[in-house]
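A structural walkthrough
Each chain, written out:
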Amino acid sequence: MKRFSFFALARNALTGHRNWAQMWRSPEPRREYDAVIIGGGGHGLGTAYYLARNHGMSNVAVFEKGWLGGGNTGRNTMTVRSNFLREESVPFHEKSLDLYQGLSRELNFNLMVSERGMITFIQSSAVNRIALQMANTMHIYGAEYRMIGLDEVRRRIPIFDPSPDMRLPITGAVYQPRASMVRHDAVAWGFARGADARGVDIIQNCEVTGIRRDGGRITGVETNRGFIATPRVGMAVAGHGSVVAAMAGIRLPIVTQPLQAWVSEPIKPILDEIVVIRSYYGTYLMQSDKGEIVIGQGCDPYPSYAQRGTFPIIEDATTAMLEVFPRFRRLRLLRHWAGMLDMPYDGSPIISRTDVPGFYVDVAGSGGFKTTPAAAYTFAHLIARDEPHPLAARLGLDRFSSGRLVQEGGVSANR
Amino acid sequence: MLLIPCPWCGACNENEFICGGESDRKRPTDPAAVDDKTWTDYLYNSTNHKGMTGEWWWHVHGCGKWFTIRRDTVTHCIESAPGDQT
Ligand SMILES: Cc1cc2nc3c(=O)[nH]c(=O)nc-3n(C[C@H](O)[C@H](O)[C@H](O)COP(=O)(O)OP(=O)(O)OC[C@H]3O[C@@H](n4cnc5c(N)ncnc54)[C@H](O)[C@@H]3O)c2cc1C
Ligand SMILES: [Zn+2]
């Protein structure tokens, strides 16, 4: 791997930037691998990277049916945070933030981590109670999450101007200083480059169409590039979990739902923090590095693989935004898109063995960009050792039969 | 925006309804007799089919009726099929 540096930049400037090396190879797939990862989003590529880096497994391939990061990784709104309710969730998400903080240096690739903080408005006593509970749980794990008054809200968000007759008046807020924005494409590309440098084969335009088993055990995958033998398959396909798991004869506790986001034309810097309105179910917005106001809300309320969203969500979120920031009524919408999320029944990610020996599943769930490094780190551990990593031990499928769910349903809108 | 065909009110906007999930889900007739795996599968797992799917809808902000339709989860085409429960 050619390292990126100031000198590399200067050297390549001399030759008109025509001689930069490819960031990763595009090899012919081998006939056999020690492990195959299905899905070239952040989760799959990160898993391959950590298999090689932490477990010395480099005879590994990642199969991606489209292009790297073309699924949800390249569609999300880039927010990473760890304000969660359950003791299973907080350390897991904190691990992700820790990893994100070091990854730019480790991968020699700028993930543009921007620690701008998240402010969640409190508009009901129920949310007030949940926010306090979250703050206490997080405090136990050393994560800062604190209630702030309207004075501090006004100081941090000078354009805060809620309409006096709004239906659910804002009485305060809760603040996570460490919440950040991270450049999403860079996460996929950085992990891909790091995995490739350690010998992992990344194969794009390669769809897995079947999973072959012999006496229950995994023997390989069928692809549009032929059969590839492998004893271990890790699935990280976000919006296609049920489709791929069905190839191995497995049903999962998930429903595939669209999630939308839309951005305005770019404007001058006006909003530093990530802001959540009608918290935990509601609308969130922030300003991107390019100056666009990025707006999102919860999932569309019914299953769909259409990768496009329904209008009532846009209308609802816009209403919420204008109640607090009436000046945004003159913004013009520039782009709108949707991704597809596999929503687990309890709202928490799934990182698990399955009833088929050698077949492992990672379901990113509702807010799986923030979990990318931690999920990849622990999923690689699971695949390499057939043992769950302690941080993800409670995120296995067995929680559904034991009844020990990790309920985070209420945070689904609050990417 | 989907138009959901309520058998009582006719086609209405999707935000008058709540989607009630897959219609082929069958509750085990004797829950005490089935093993944990079967019960867990009934409670939590879904086929989550990519394509034509039978599903329950509830006209919660209308007449209150529960009924089933067939909807394609890729194209969003809706059919009411014979045998639909209304
Ligand atoms: C609009 C939107 C906003 C979001 N905002 C946030 C946010 O702010 N913060 C946050 O934490 N999360 C957010 N998310 C969620 C987050 O994007 C996803 O949870 C996360 O990116 C999932 O990563 P992944 O690598 O598992 O999946 P993906 O990036 O979707 O990658 C899965 C890949 O698998 C491939 N694939 C599927 N089937 C096959 C097959 N049979 N063979 C080969 N390849 C296959 C797909 O092509 C895809 O590239 C958002 C999502 C959306 C849609
Ligand atoms: Zn009706």
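So, how was this worked out
- Residues numbered from 1 in each chain as written.
- Chains lettered and ligands numbered in written order.
- Predicted model: local features only at pLDDT ≥ 70, side-chain atom pairs only at ≥ 80, totals over all residues.
- Heavy atoms only, no water.
- Helix = DSSP H or I, 4+ residues; strand = E, 2+ residues; numbered from the N terminus.
- Buried < 20%, exposed > 50% of the residue type's maximum accessible area, 1.4 Å probe, protein only.
- Polar contact = N/O pair within 3.5 Å; in protein donor to acceptor, adjacent residues only side chain to side chain.
- Contact = heavy atoms within 4.5 Å.
- Salt bridge = Lys/Arg side-chain N within 4 Å of Asp/Glu carboxyl O.

All right, on to the side chain of A:Thr230 then. All names here are of chain A. Summarising the element assignment, Thr 230 is placed in the loop between β11 (226-229) and β12 (233-235). For Thr 230, a relative accessible area of 3% translates into the label buried. Here Tyr 33 takes part through its backbone oxygen, which lies 3.1 Å from a polar atom of the side chain of Thr 230.

This part takes up the environment of A:Phe379. Residue and element names in this part refer to chain A. Tracing the sequence through the fold places Phe 379 in helix α9 (residues 372-385). Classification of Phe 379 as buried rests on a relative accessible area of 1%. The spacing of Phe 379 and Leu 51 is 328 residues in sequence and 8.8 Å in space, taken between C-alpha atoms. With sequence-adjacent residues up to four places away left out, Phe 379 is seen in contact with Thr 47, Gly 234, Met 235, Ile 351, Tyr 360, Val 361 and Asp 362.

Another aspect to go through is unusual backbone geometry. Among all residues except glycine, the phi angle is most often negative; among peptide bonds, the trans geometry is most common. Residue and element names in this part refer to chain A. Positioned with a positive phi, Ala 238 is a non-glycine residue whose angle comes to about 45°. Along the chain, Ala 238 turns up in the loop between β12 and α7 (241-247). In the Ramachandran plot, Gln 307 falls in the positive-phi region, its phi being about 55° despite a non-glycine side chain. Tracing the chain through its elements places Gln 307 in the loop between β16 (293-296) and α8 (311-324).

Between side chains of opposite charge, pairing is possible as soon as their charged atoms come close. Residues and elements named next belong to chain A. Counting across every chain of the model gives 23 salt bridges over all chains. Linking Arg 394 and Glu 88 is a salt bridge whose minimum nitrogen-to-oxygen distance equals 2.6 Å. Of this pair, Arg 394 sits in the loop between α9 and α10 (398-402) while Glu 88 sits in the loop between β3 (79-80) and α3 (89-107), and the two are 306 residues apart along the sequence. The class for Glu 88 is buried, based on a relative accessible area of 11%. By sharing partners, the salt bridges in this structure join Glu 144, Arg 146, Glu 152, Arg 156 and Glu 273 into a single network.

That's the geometry; what it means functionally is another story.
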